[in-house]
Amino acid sequence: MKCTCAYSWGAQAITPWYEKISRAQTEQIRAKFAFTKPMNEEVFALPEHTAPGAPSEKSPAVISRGPVAAYYTGYARIDNAIIDALNGKSGELKDDVYDIIRNNLVPHHVHGLEEEDRLALISLGVEKAQYLADQFMDGETKTSFMEAIRSIAKIGTAGTHVGDCEMAYNVKHAIGFDGTGHVMENPLDEYLFAMERLSPGDYETYRNMCETGGDGSSEAAFFALRWAMANIDAVAGYRTVYERHKDEEYGRLDEVKPDQTFAGADTSGKENFLASIREKLRENQRLQTEFFLEQIAKMTEGSGGFLTSRQRLVRARV
């Protein structure tokens, strides 16, 4: 089956613009052309101090990233460790970390990658995070941060393919925050846990409402909330069992074994790190070498010890 996702150039034939308009439209354009007022009536001329044919330099345009785009899994124990580790850190470090999570550990599009490459990409992401942790963090912060990163790597490893080029992961897309900016475990999960065990019929009704999509999802959430308010004592009675269930959920995640292709890279400095990654790539010729060389090249663009850049200079010659 030929891939037709947005990353697949040439998946569909391109129709030239002149084949999209009729002969009558073409004649009308030609007839009006001679009477159409030019967009720029000023005569183009080089400045007097510029020699004919000599290029003129323009000041470079500075393109800066906007606010840091965070990524959350919805697993409070994972997300909050990363939030705490990045608290008070630079925008460059936050960009690096969330780029690693989004593009290496749990990428949505995996066009052109075999499963072996996808898993190796996760391994590369873990080592990139380890490099940043060794350069910009210390003590318990570094330890808890890397535990969280490895947990996200496990979520990515356990992801499933949707179609040819997209991935689905066991992450939550509706995230709740408390007053300190930390991710909260979704209370709806606790309500549904009790509902499924105490009232299977209501739980089935809830599931059916969710599957309708659209407004049905909102109605389902209100249905679950009303059920929880009507059975608040029963929900509270199941809280201990629910907490044990959450511990088991995190425990199952720990059983996932991520790829180790780039494990053990030298994180003592940026140059050493990049050289180490290249060496490990040479040792793994089964991978798509060109793709991973592009990944390494991107890591050279960041200033100082960072792996991505918050600003880019774009120069033009006219």
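Within any chain, residue numbers begin from 1 and follow the written order of that chain's sequence. Totals for whole chains, interfaces and linings use all residues, but because this is a predicted model, local features are given only for residues with pLDDT of at least 70 and pairs of side-chain atoms are given and counted only at 80 or more. To get the side-chain values, all heavy atoms of the structure are used, and hydrogens and water are removed first.

Examining the packing of aromatic side chains
Cut-off, in case you're wondering: Any two of the Phe, Tyr and Trp rings considered here, Trp counted by its six-membered ring, make a pair once their centres fall within 6.5 Å; the pair's planes then place it as stacked at under 30 degrees, edge-to-face at over 60, or tilted in between. Only DSSP runs of H or I covering at least 4 residues are called helices, and only runs of E covering at least 2 are called strands; the numbering of each starts at the N terminus.
Per the stated rule, a full pass over the model turns up nine aromatic pairs. Taking 5.1 Å as the distance between ring centres and 75° as the angle between the ring planes, the aromatic pair formed by Tyr72 and Phe177 counts as edge-to-face. In this pair, Tyr72 is assigned in the loop between β1 (61–64) and α2 (76–86) and Phe177 in strand β4 (residues 176–177), connecting sequence segments 105 residues apart. Relative to Tyr250, the ring of Tyr75 has its centre 5.6 Å away and its plane inclined at 70°; by these criteria the two rings are edge-to-face. Note that Tyr75 is positioned in the loop between β1 and α2 and Tyr250 in helix α10 (residues 239–254), a separation of 175 residues in sequence. Among the aromatic residues, ring-to-ring pairing joins Phe193, Tyr238 and Tyr242 into one connected group.

Details of the packing of helix α3 (residues 91–105) against helix α4 (residues 115–136)
Packed helix pairs are specified by the crossing angle of their axes together with the interaxial distance, meaning the distance between the axes. What counts, and what does not: Fitted lines through C-alpha atoms serve as axes, helices being fitted only where they are in contact, and the angles separating the N-to-C directions of these axes extend from 0 to 180 degrees. If an angle is under 35 degrees, it is roughly parallel; if it is over 145, roughly antiparallel; if it lies from 65 to 115, roughly perpendicular; otherwise it is oblique. Crossing handedness is read from the near helix: turned anticlockwise from the far helix by less than a right angle, it gives a left-handed crossing, and turned clockwise, a right-handed one. Working rule for contacts: check all heavy atoms of both residues, and any pair within 4.5 Å makes them a contact. All residues other than Ala, Val, Leu, Ile, Met, Phe, Trp, Tyr, Cys, Pro, Asp, Glu, Lys and Arg, Gly among them, are scored as polar; the first ten of these are nonpolar and the last four charged.
Contact geometry for α3 and α4: axes closest at 9 Å, N-to-C directions at 165°. One element, α3, and the other, α4, form an angle in the roughly antiparallel class. Viewed along their axes, α3 and α4 form a crossing whose handedness is left-handed. Packed against α3, whose contacting residues are Leu93, Asp96, Val97, Ile100, Asn103, Asn104 and Leu105, the element α4 presents Leu121, Ile122, Leu124, Gly125, Val126, Lys128, Ala129, Leu132 and Phe136 at the interface. When its residues are assigned to classes, the contact of α3 with α4 shows 11 nonpolar, three polar and two charged.

Remarks on empty space enclosed by the protein
Where we set the bar: Cavities and pockets are found on a 1 Å grid laid over the protein atoms alone: a cavity is a set of points where a 1.4 Å probe fits but cannot escape, a pocket is an open set with protein on both sides within 12 Å along at least five of seven lines, and a lining residue has an atom within 4 Å of such a point. Grid points are joined across faces, edges and corners, and a volume is the space filled by probe spheres set on the points.
Under the criterion given, the structure shown has one cavity of 30 Å³ or more. Of the voids in this model, the largest cavity is the one considered here, and its volume is about 40 Å³. What lines the largest cavity is simply Tyr71, Tyr72, Asp79, Ile82, Ile83, Tyr98, Ile101 and Ile152. At the level of secondary structure, the elements contributing two or more residues to the lining of the largest cavity comprise α2 and α3. Here the lining of the largest cavity gets three residues from one element, more than from any other, and that element is α2.

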